[in-house]
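Fold and contact review
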Amino acid sequence: MKKVLYIEIDEEVTSIYDQIRRVKQKDIFLVIPRKSVLFQSVINLRILKSKAQKAKKNLHLVTTDRVGRHLALKAGIPVYENLKIEEVKTTKSKQTKTNIEPIQARRNEVLKDLPKRVIQKKTTIGELIRDFRDDHKNKKGSTQISGVYHYIRPNRRFLGFVLALSLGLFFLIAYVALPGATVYVRPKFDNIEHAINITLADREKNEELLSRNEPNVIASEQIVTVTKQTKTFNTTSSQFDGTNARGQITIINTSADRWPLKNQTRFQTEEGIVFRIQEGVYVPPQTVDENEEEVPGTLTVEVMADPFDIYDKTVGDRGNIGPSKFTIPGLSAYNQERIWAESSESMTGGVSHYQKIVQAEDIEAAKRQIEDNLVLMAKDDLNTRLAEMNELNDTNLVLLDSGPYLTVNLQELRISEDLEGSLQDQFEIFAQVEAKGVAYDFDQLFDLLKKHLKNRVHPDMQLRDSSIKPESITFEPLSAEYNEETGQIKVTASIRGIQEYVIDSSLEAGVRFANKVKESIVGMTAEDAEGYVLSLPEVEEAKIKLWPIWLSKVPHIADNIQVKLLED
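A brief report on the enclosed structure follows. Owing to the predicted nature of the structure, the values given are computational and were not obtained by experimental measurement.

Here the focus is unusual backbone geometry. Not every positive phi belongs to a glycine, and lysine 56 is a case in point at roughly 60°. With respect to the helices and strands, the residue lysine 56 is situated in the loop between α2 (42–54) and β3 (58–62). Looking at lysine 56, the relative accessible area reads 66%, which means it is exposed. One non-glycine residue, asparagine 213, lies in positive phi territory at about 55°. Among the residues examined, asparagine 213 registers a relative accessible area of 68% and is labelled exposed.

Here it is, written out as structure tokens:
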């Protein structure tokens, strides 16, 4: 004998066991709704099974809950998706027979009067048509006259009825089973960054340490190159080798005092060209003539132009100027208005000619330039050397491009002893530098950082693989310089990426999300369903497409709804 019990969604194990204990039948079928409290843990089912066995009951579960079926199998309890009971009449007595049939058991309803299953074979539409044709043949027959068979036309009204019935059934099935909805979702994402302390250990000096495969220890190698260069520089300094313009100026004194001017006193034009007197003089003061008019004191003197003007440009033939006015720049602005000079004739004799001369500042500038060039060349040489090693050993070593661990030292600088003061347009300098760098196994570091970053991802999110790029790795040194003795460098390496909520139905989190969406939007309008999906914390953007296109609501069957990733 068998007994069917219908369990409430919130019934506890103790309550269910009390019902089982009161039942006299040995085989008991429990019809359990989805999301029942009983399915919260496999321990609940194991306890229930143990209690039932002690009471000498055979326990069976009937449920559509996929999680519940999975837990029941783990607990060792037979489980079925659907249940149907039929009664079969026998010649001796009435006997109740329990069969497992594919009917829905989704709601927690008490089915007291279950319909009896018709034991006769169901007649199909095709069989109806064949029986109808056979009946007409039996009644009227197929008469044969002179070897000719006469065809009897079937009843058109009946055929029309059958056809209409078939179309109605087809559209009913299509209305229930064919409508579908696809929810396209773009998950929300967030930036994620993680940093770990790493020890770069020289392969030759730390063989024992590397052999232990300790965490966060990566093999490294020191790379050394020597770079030489002989470079030619242009001489920038010039030595004036021309002649300076000469002429006469008249000094005008409007003060009441005799004005002394010492040797080499400067007289300057508006263009910045300077002329100097060649000896000291006294300029007479201003006097009053017979008509009581003031007469300035004047003195005519010889002057010669300077080789360079106030802007440090060669004067030469630029000193051959016409009549001009001159100020004395060594005096105050007030005194410059009291005494000045003028020329009435042009200055002559200025010739522009100069030649290059190597000065101390030219040599210092050349030293700085060749050292800077060699630093860049040395880094290129290190990378070239590293590329050769990678190709030869099939490795992926990368230079640790950081100040404390990448050094370039000047080993030799050769300059001619008589270079300074020599008259030449160009000169050469030879220099040699030694570059030292530390290279590490990039693949090992990249895998290590990705592993740590994935462990930091939210349980309902996944790491976007395309967001993890080698250029996102940064280093922060923990020690000031490379330890030559131990061959170890301690750095903090960080990596950045993007984490996003899981939508992929092949993953557990994606299945949970899809089920939540399906169960929540069944029967909604497309607009309401889209608004609901957009309100979820996991969703950045959502679109819903219905099929057929004339549908306005999401299907009522959750299995007809698909959740897919919205591609760019």
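From this point on, the discussion continues.
A word on the packing of helix α10 (residues 508–521) against helix α11 (residues 526–535). Axis separation between α10 and α11 bottoms out at 10 Å; the angle between their running directions is 145°. Helix-helix and strand crossings are classified by hand; for α10 and α11 the assignment is right-handed. Of α11, the residues touching α10 (which contributes Lys516, Val517, Ser520 and Ile521) are Ala529, Tyr532 and Val533. Counted by class, the contact of α10 with α11 contains five nonpolar, one polar and one charged residues.

Spatial strand order, β30-β9-β31: three strands in an open sheet with mixed pairing. Here the strands that pair on one side only, and so sit at the sheet edges, are β30 (539–547) and β31 (561–565). Each neighbouring strand pair of the sheet contributes to a mean axis angle of 20°, computed without reference to strand direction. Examined bridge by bridge, strand β9 (residues 180–187) and β31 share five bridges and lie parallel to one another. Considered in β31, the bridge of alanine 181 is made with isoleucine 561. The sheet strands contacting α10 are β9, β30 and β31, and the helix crosses β31 at an angle near 135°. Strands β9 and β30 of the sheet are contacted by α11, whose axis makes an angle of about 155° with β30.

Below, the discussion takes up the packing of α2 against helix α3 (residues 66–75). Between α2 and α3, the shortest axis-to-axis distance is 9 Å and the interhelical angle comes to 50°. Relative to α3, α2 is oriented oblique. Every pair of crossing elements has a handedness; the one defined by α2 and α3 is right-handed. Contacts between α2 and α3 involve Val42, Leu45, Arg46 and Lys49 from the first element and Gly68, Leu71, Ala72, Lys74 and Ala75 from the second. Broken down by class, the residue content of the contact of α2 with α3 amounts to five nonpolar, one polar and three charged.

Next up on the list: the packing of aromatic side chains. The description of two aromatic rings rests on the distance between their centres and on the angle between their planes. Scanning the model with the defined rule gives five aromatic pairs in all. Plain terms: the ring middles of phenylalanine 275 and phenylalanine 326 are 5.8 Å apart, the flat faces sit at 85° to each other, and that makes the pair edge-to-face. Highlighted residues: phenylalanine 275 in strand β16 (residues 274–277) and phenylalanine 326 in strand β21 (residues 325–326), separated in sequence by 51 residues. Given a relative accessible area of 0%, phenylalanine 275 falls into the buried group. Linked through ring pairs, Tyr440, Phe442 and Phe446 together constitute an aromatic cluster. Directly above the aromatic system of tyrosine 17 lies the positively charged group of lysine 51, at a separation of 5.8 Å from the ring centroid. Above the ring of tyrosine 282, the side-chain terminus of arginine 258 is found at 4.1 Å from the ring centroid.

Below, the discussion takes up the side chain of glutamine 499. Take glutamine 499: it is sitting in strand β29 (residues 488–501). A distance of 3.2 Å separates the side chain of glutamine 499 from the backbone nitrogen of histidine 458, its partner in a polar contact. Beyond its immediate chain neighbours, meaning those up to four positions away, glutamine 499 contacts Lys188, Phe189, Asp190, Ile192, Arg456, Val457, His458, Met461, Gln462 and Leu463.

In this structure, Ile198, Leu200, Leu445, Leu449, Ile473, Ile489 and Ile495 are the most contacted members of the largest nonpolar core, which totals 25 residues. Where this core is concerned, the elements lending two or more residues are β10 (189–202), β26 (426–441), α9 (442–455), β27 (461–463) and β29. Residues contacting isoleucine 473, with those up to four places away along its chain left out, are Phe442, Leu445, Phe446, Leu449, Ser494 and Ile495. Leu5, Tyr17, Ile32 and Leu71 belong to the second largest nonpolar core, which has 23 residues in total.

The strand order across the open sheet built from four strands is β1-β2-β3-β4, with neighbouring strands paired in parallel fashion. Unpaired on one side and paired on the other, β1 (2–6) and β4 (79–80) mark the two borders of the sheet. In this fold helix α1 (residues 13–22) packs onto β1, β2 (27–31) and β3, with an angle of close to 145° to the strand it touches most, β2.

With that out of the way, let us pick up the pattern of salt bridges. Should their charged atoms come close, side chains of opposite charge can pair. Across all of its chains, the model carries 16 salt bridges by this definition. Of the charged contacts, one joins aspartate 306 and arginine 276 as a salt bridge, the two residues approaching to 2.8 Å between their closest N and O atoms. With aspartate 306 in the loop between β20 (297–305) and β21 and arginine 276 in strand β16, this pair connects stretches of sequence that are 30 residues apart. Notably, a salt bridge pairs aspartate 309 with arginine 318, separated by 3.2 Å at the nearest N-O pair. A relative accessible area of 6% places aspartate 309 in the buried class. What makes arginine 318 partly exposed here is its relative accessible area of 35%. Salt bridges sharing common partners tie together Arg34, Lys35 and Glu519.

Cut-offs and rules
- Each residue is numbered by its place in its chain's sequence as written, counting from 1.
- Note on the predicted model: pLDDT of at least 70 is required for a residue's local features to be given, and 80 or more for side-chain atom pairs to be given and counted; whole-chain, interface and lining totals, by contrast, use all residues.
- With hydrogens and water excluded, all non-hydrogen atoms of the structure serve as input to the side-chain values.
- Helical segments are the DSSP runs of H or I of at least four residues, strand segments are the runs of E of at least two, and each set is numbered from the N terminus.
- Burial classes follow relative accessibility: with a 1.4 Å probe on protein chains only, a residue under 20% of its type's maximum area counts as buried, one over 50% as exposed, and anything between as partly exposed.
- Note on geometry: axes are C-alpha line fits, over the in-contact stretch for helices, and angles between N-to-C directions span 0 to 180 degrees.
- We call a crossing left-handed when the near helix sits turned anticlockwise from the far one by less than a right angle, and right-handed when that turn is clockwise.
- Working rule for contacts: check all heavy atoms of both residues, and any pair within 4.5 Å makes them a contact.
- Each residue is assigned to one of three groups, with Ala, Val, Leu, Ile, Met, Phe, Trp, Tyr, Cys and Pro labelled nonpolar, Asp, Glu, Lys and Arg labelled charged, and all others, Gly among them, labelled polar.
- Note: two strands are recorded as paired if DSSP finds a minimum of 2 bridges between them.
- In these notes the angle categories are as follows: under 35 degrees is roughly parallel, over 145 is roughly antiparallel, 65 to 115 is roughly perpendicular, and the rest is oblique.
- Pairing of aromatic rings covers Phe, Tyr and Trp, the last counted by its six-membered ring, and requires centre-to-centre distances within 6.5 Å; plane angles under 30 degrees mean stacked, over 60 mean edge-to-face, and any other angle means tilted.
- Whether a charge lies above a ring is judged from NZ of Lys or CZ of Arg, which has to be within 6 Å of the ring centre and within 35 degrees of the ring normal.
- Distance and chemistry together define a polar contact, namely a pair of N or O atoms within 3.5 Å, with one atom able to donate a hydrogen and the other to accept it when in protein, and with adjacent residues in sequence counting only for side-chain atoms on both sides.
- What makes a nonpolar core is a set of buried Ala, Val, Leu, Ile, Met, Phe, Trp, Tyr and Cys residues whose side-chain atoms join them at distances within 4.5 Å.
- A pair is scored as a salt bridge if a Lys or Arg side-chain nitrogen falls within 4 Å of a carboxyl oxygen belonging to Asp or Glu.

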